[in-house]
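Architecture and fold: a report
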Amino acid sequence: KALILAKFMYPVFWILAEWMSCWRLELQQKVLPFLLIIAALFALRVYARSFDYRNGFTLYQTDVQHSPNSFLLHTNLGVEYFRRQNLPEARKEFEKALALMPGDATATNNLGVIYEREGNLEQAKQLYQRAISYNNYVLAYKNLAKIQTKLINTNKHIDNCSQKIVSYLILIIFKKFPIFPLP
């Protein structure tokens, strides 16, 4: 961090030195301390801000406080809460993101994942379908296929032949989007 700061400040001081060489000596002596104080204040601000970059969680928490109307920051903070297994806070952040940007497929899909983890498969299925309808969000296809498999396995009235047909259709979906590994 200090090396980055030094790489940034060196050209700034060089430009200031070139600029000040045109001034008279007495003016340089009055202005130089003022410019050095300003440069030191900027350096301190950069150093203080570097603590926000320790990890994504602290960065997004700090930035959401400064930009509460950013749906992207709320979505990213929700992901960080999800990674920490804090599902209630993750849900709040995804819902805030969707309130700010109702058609966002990523936040809709992520909220579906929360409902899936909580066992509300029907609500998760609806959210995945909505995410797909927004812009064919590929991850929502995968999650929807996973939900369909879970719903089939929980329904005892479906015969073995129907399960094989649905499993085959799910396999086709995974082949259509090969960036995701087969389960």
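Residues numbered from 1 in each chain as written. Predicted model: local features only at pLDDT ≥ 70, side-chain atom pairs only at ≥ 80, totals over all residues. Heavy atoms only, no water.

Tallying secondary structure elements over the protein chain gives nine helices and zero strands in all. In the protein chain, the succession of α and β elements from N to C terminus is α-α-α-α-α-α-α-α-α. When each of the 183 residues of the protein chain is scored for burial, the buried share is 34%. Taking all contacts inside the protein chain whose residues are at least 6 apart in sequence as the whole, residues at least 24 apart take part in 41%. Accessible surface for the protein chain amounts to roughly 12,200 Å². Of this, 63% is attributable to carbon and sulfur atoms. (Helix = DSSP H or I, 4+ residues; strand = E, 2+ residues; numbered from the N terminus. Buried < 20%, exposed > 50% of the residue type's maximum accessible area, 1.4 Å probe, protein only. Contact = heavy atoms within 4.5 Å. Areas by Shrake-Rupley, 256 points an atom, 1.4 Å probe, with all protein chains shown as cover.)

With 13 residues, helix H4 (residues 71–83) extends 18 Å between its outermost C-alpha atoms, agreeing within 8% with the 18 Å of an ideal straight helix rising 1.5 Å per residue. Taken residue by residue, H4 has Leu73, His74, Thr75, Leu77, Gly78, Glu80, Tyr81 and Phe82 as its buried positions. Gln85 sits one or two residues past H4 and shows a positive phi near 60°. (Expected span 1.5 Å × (residues − 1).)

In this section: the packing of H4 against helix H6 (residues 105–117). Any two packed helices are characterised by how steeply their axes cross, that is the angle between the axes, and by the distance between the axes. Two numbers describe how H4 lies on H6: the axes approach to 10 Å, and their chain directions differ by 25°. Overall, the two elements H4 and H6 adopt an arrangement that is roughly parallel. As H4 runs across H6, the sense of the crossing is left-handed. From H4, Thr75, Val79 and Phe82 reach across to H6, where they touch Thr106, Ala107, Asn110, Val113, Ile114 and Arg117. Partitioning the contact of H4 with H6 into residue classes produces five nonpolar, three polar and one charged. (Axes fitted to C-alpha atoms, helices over the stretch in contact; angles between N-to-C directions. Parallel < 35°, antiparallel > 145°, perpendicular 65-115°, else oblique. Left-handed = near helix turned anticlockwise from the far one by under 90°. Nonpolar A, V, L, I, M, F, W, Y, C, P; charged D, E, K, R; others polar.)

Right, let's talk about a nonpolar patch on the surface for a bit. A cluster of nonpolar side chains, contributed by Phe13, Leu32 and Leu36, occupies part of the molecular surface with about 240 Å² of accessible area. Summarising the element assignment, Phe13 is placed in helix H1 (residues 2–20). Residue classification places Phe13 among the partly exposed residues on the basis of a relative accessible area of 35%. (Patch = residues over 30% accessible without salt bridge, like charges linked within 9 Å, V, L, I, M, F, W, Y side chains within 5 Å. Salt bridge = Lys/Arg side-chain N within 4 Å of Asp/Glu carboxyl O.)

Right, let's get into the side chain of Asp63. Mapped onto the elements, Asp63 comes out in helix H3 (residues 56–66). With residues near it in sequence (within four places) discarded, Asp63 still touches Arg49 and Leu73.

The next thing to look at is the confidence of the model for the protein chain. Low pLDDT means the predicted atomic positions in that stretch should not be read closely. Mean pLDDT for the protein chain: 79, with 69% of residues reaching 70 or above. Between the elements of the protein chain, mean pLDDT differs from a low of 63, seen in helix H9 (residues 160–176), to a high of 96, seen in helix H5 (residues 87–100). (pLDDT = per-residue confidence, 0-100.)

Okay, the side chain of Thr75 next. As for its placement among the helices and strands, Thr75 is situated in helix H4. Not counting the four nearest positions on each side in its chain, Thr75 is found in contact with Phe94, Ala97, Asp104, Thr106, Ala107 and Asn110.

We now examine the nonpolar core. The biggest cluster of nonpolar side chains holds 30 residues, and the ones touching the most others in it are Leu77, Phe82, Ala90, Leu111, Ile114, Tyr128 and Ile147. Within the residue set of this core, elements represented by two or more residues are H3, H4, H5, H6, helix H7 (121–135) and helix H8 (138–154). (Core = buried A, V, L, I, M, F, W, Y, C linked by side-chain atoms within 4.5 Å.)

Quick look at the packing of aromatic side chains now. If you walk through the whole model with that rule in mind, you get one aromatic pair. Aromatic pair Phe57 and Tyr81: ring centres 5.2 Å apart, planes at 85°, arrangement edge-to-face. Highlighted residues: Phe57 in helix H3 and Tyr81 in helix H4, separated in sequence by 24 residues. Taken individually, Phe57 and Tyr81 each receive the classification buried, so the pair is uniform in this respect. Against the face of Tyr115 rests Arg91, its NZ or CZ located 5.1 Å from the ring centre. (Phe/Tyr/Trp six-rings, centres within 6.5 Å; stacked < 30°, edge-to-face > 60°. Lys NZ or Arg CZ within 6 Å of the ring centre and 35° of its normal.)

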